[in-house]
Amino acid sequence: MVQTVKIILGCVAAHVCFFILGSVSAHAATIADVAAKIKSLKQQEKLDYLAKGARDEGELVYYGTLPIDEFLPLAKVFNTRYRALALQHYFSPRQGILNRTLTEARAGRYAVDVIQVDLSYGYQLMNENLVQPYLISGRERFYDGTYDPNGYWYSMYHLTTALIYNTSSVKTEQAPKSYQDLLSPAWKGKMLFDPEAGYILAAMEDAWGREKAVDYLSKLSKQDISYRRGGTLTTQVVTSGEYPVGIAINGETSAAVRDKGAPLGFKVFAPKIVKPEGLFLAKNAPHPHATLLFAEWVLSEEAQAFLATTLGKGSAMKGVRGKFKEFQLQPDFVVTPKLGPKLQGYIQDFAKIMNVP
């Protein structure tokens, strides 16, 4: 379901109202102009300058896959620091975000400031020349590979690929500890896998080489694996005990289900994989000061800590403690825009190797 929400959090109270995004008046300064202007400023001077410009602009338009019930508390924290800025939030699954952004741009209508979408999909924005590069302050605090050195994208937050198991039927000491353990006869006919997990093949190929990766998955395919599309369904099935093991799910999302009482345990295998929700700044952002201010803030320690602890997301910022400590790690493989154009090929190869029905 697609939602469009306008969020205005003022000095006294917060309120939410639904709206249709309309045309946004153009500003004389472009985001490139503003980025050039603040390049030589010290950090506090930079933030003060952006905050003043953002107050004059009055709003920020955000397109993203972050659900409204998670965006609202994030926006509230932002507005405790920058009170005079209205945040307009358009929510949709990833294809809807891309479709709206690309359709508007091709029509010459530039309404969005910030786009948040899976990095593996975000390459399409870059191909259309819709992204403004910007080097945020403190980017060296993020792990290598989790942001673009040229500033075209950043990991706003990520989800960690993990094995999930039912703790009522599998004791912790019995749970698989590596991908190799999944080849044991003990797990034959007891595992679920995503039939479109092409990124797993890409990560194994990167870590082990193509030949070893294909050889391993060929052996795994003989384990009478069942397939379910989507981590939510896999989590439900493993929770019910129908299958004791799910090979690859979004760890943080399923850990939230565990915290509500589900009998779930987790293991993260090497290569350790994270799938980021990318942050892209619109090249034709109608509110350039607000755009850069939000980018500086959401990639700061304050916002990253809030995303990690309160919202339970993965953060690529070194030293940030997450809500789920089992997923606090340095990744071996990051699903980035570079993989995007190749992802469909990996999905097809994965399905062929694994003999997906």
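Residues numbered from 1 in each chain as written. Predicted model: local features only at pLDDT ≥ 70, side-chain atom pairs only at ≥ 80, totals over all residues. Heavy atoms only, no water.

**Student:** Is there a simple way to explain the overall build of the protein chain in this structure?
**Tutor:** A tally of helices and strands in the protein chain yields 12 helices and 12 strands. Here the C-alpha atoms of the protein chain give a radius of gyration of 21 Å, agreeing with the 21 Å that 2.2 N^0.38 yields for 357 residues. With the C-alpha coordinates aligned to their principal axes, the bounding extent of the protein chain is approximately 65 × 40 × 40 Å. The buried share of the protein chain, taken over its 357 residues, is 54%. The contacts of the protein chain with a sequence gap of at least 6 include a subset with a gap of at least 24, amounting to 78%. When the 40 positive and 34 negative side-chain charges of the protein chain are each reduced to one mean point, those points stand 2 Å apart. (Helix = DSSP H or I, 4+ residues; strand = E, 2+ residues; numbered from the N terminus. Rg over C-alpha atoms; globule rule 2.2 N^0.38 Å. Buried < 20%, exposed > 50% of the residue type's maximum accessible area, 1.4 Å probe, protein only. Contact = heavy atoms within 4.5 Å. Lys, Arg positive; Asp, Glu negative; His and termini not counted. Charge placed at Lys NZ, Arg CZ, Asp CG, Glu CD.)

**Student:** In this structure, what is going on with the packing of aromatic side chains? I would like to understand it.
**Tutor:** The way to describe two aromatic rings as a pair is by their centre distance and the angle between their planes. Throughout the structure, instances matching the rule amount to 14 aromatic pairs. Between the aromatic rings of Phe193 and Phe350, the centroid separation amounts to 5.2 Å while the plane-to-plane angle is 85 degrees, which identifies the pairing as edge-to-face. With Phe193 in strand β7 (residues 191-193) and Phe350 in helix α12 (residues 340-353), this residue pair connects regions lying 157 residues apart in the sequence. There is no split in this pair, since Phe193 and Phe350 are both buried. Between the aromatic rings of Phe266 and Phe327, the centroid separation amounts to 5.5 Å while the plane-to-plane angle is 80 degrees, which identifies the pairing as edge-to-face. On the criterion of sequence distance, the pair formed by Phe266 in strand β10 (residues 264-267) and Phe327 in the loop between α11 (301-309) and β12 (333-334) is long-range, its members being 61 residues apart. Accessibility classification places Phe266 together with Phe327 in one group, the buried group. Ring pairs connect the aromatic residues Tyr62, Phe71, Phe78, Tyr82, Phe294 and Trp297, which therefore count as one cluster. Positioned over the ring face of Tyr90 is Arg100, at 4.1 Å from the centre of the ring. Of note, Lys212 hangs over the ring of Trp208, and the distance from its end group to the ring centre comes to 5.6 Å. (Phe/Tyr/Trp six-rings, centres within 6.5 Å; stacked < 30°, edge-to-face > 60°. Lys NZ or Arg CZ within 6 Å of the ring centre and 35° of its normal.)

**Student:** Mind showing me how you'd approach the confidence of the model for the protein chain here?
**Tutor:** Regions with low pLDDT should not have their predicted coordinates read in detail. Put simply, the protein chain has an average pLDDT of 92, and 92% of its residues get 70 or more. Predicted confidence for residues 1-27 stays below pLDDT 50, and this span has 68 contacts to residues more than four positions away or in other chains. (pLDDT = per-residue confidence, 0-100.)

**Student:** Any chance you could explain the nonpolar core here in plain terms?
**Tutor:** In summary, soluble globular proteins display a tendency toward joint burial of nonpolar side chains. Grouped together as the largest cluster of nonpolar side chains are 65 residues, with contacts concentrated most on Leu125, Met156, Leu279, Leu292, Phe294, Trp297 and Val298. A per-element tally of this core places helix α10 (residues 288-298) first, with seven residues. Sequence-distant contacts of Val298, defined by excluding residues within four places in its chain, comprise Leu74, Met156, Leu279, Ala303, Gln304 and Leu307. (Core = buried A, V, L, I, M, F, W, Y, C linked by side-chain atoms within 4.5 Å.)

**Student:** Explanation requested: empty space enclosed by the protein in the structure shown.
**Tutor:** If a probe the size of a water molecule is rolled over the atoms, the empty space left behind becomes visible. In the structure shown here, the tally under the stated rule is two cavities of 30 Å³ or more. Each pocket or cavity is described by its volume, and for the largest cavity that value is around 100 Å³. Along the walls of the largest cavity sit 13 residues, with Thr101, Ala105, Tyr110, Val112 and Ala282 positioned nearest its centre. Ranked by residues supplied to the lining of the largest cavity, first place goes to helix α4 (residues 94-106) with three residues. (1 Å grid on protein atoms, 1.4 Å probe; cavity = no way out; pocket = protein on both sides within 12 Å on 5 of 7 lines; lining within 4 Å. Points joined across faces, edges and corners; volume = space filled by probe spheres on them.)

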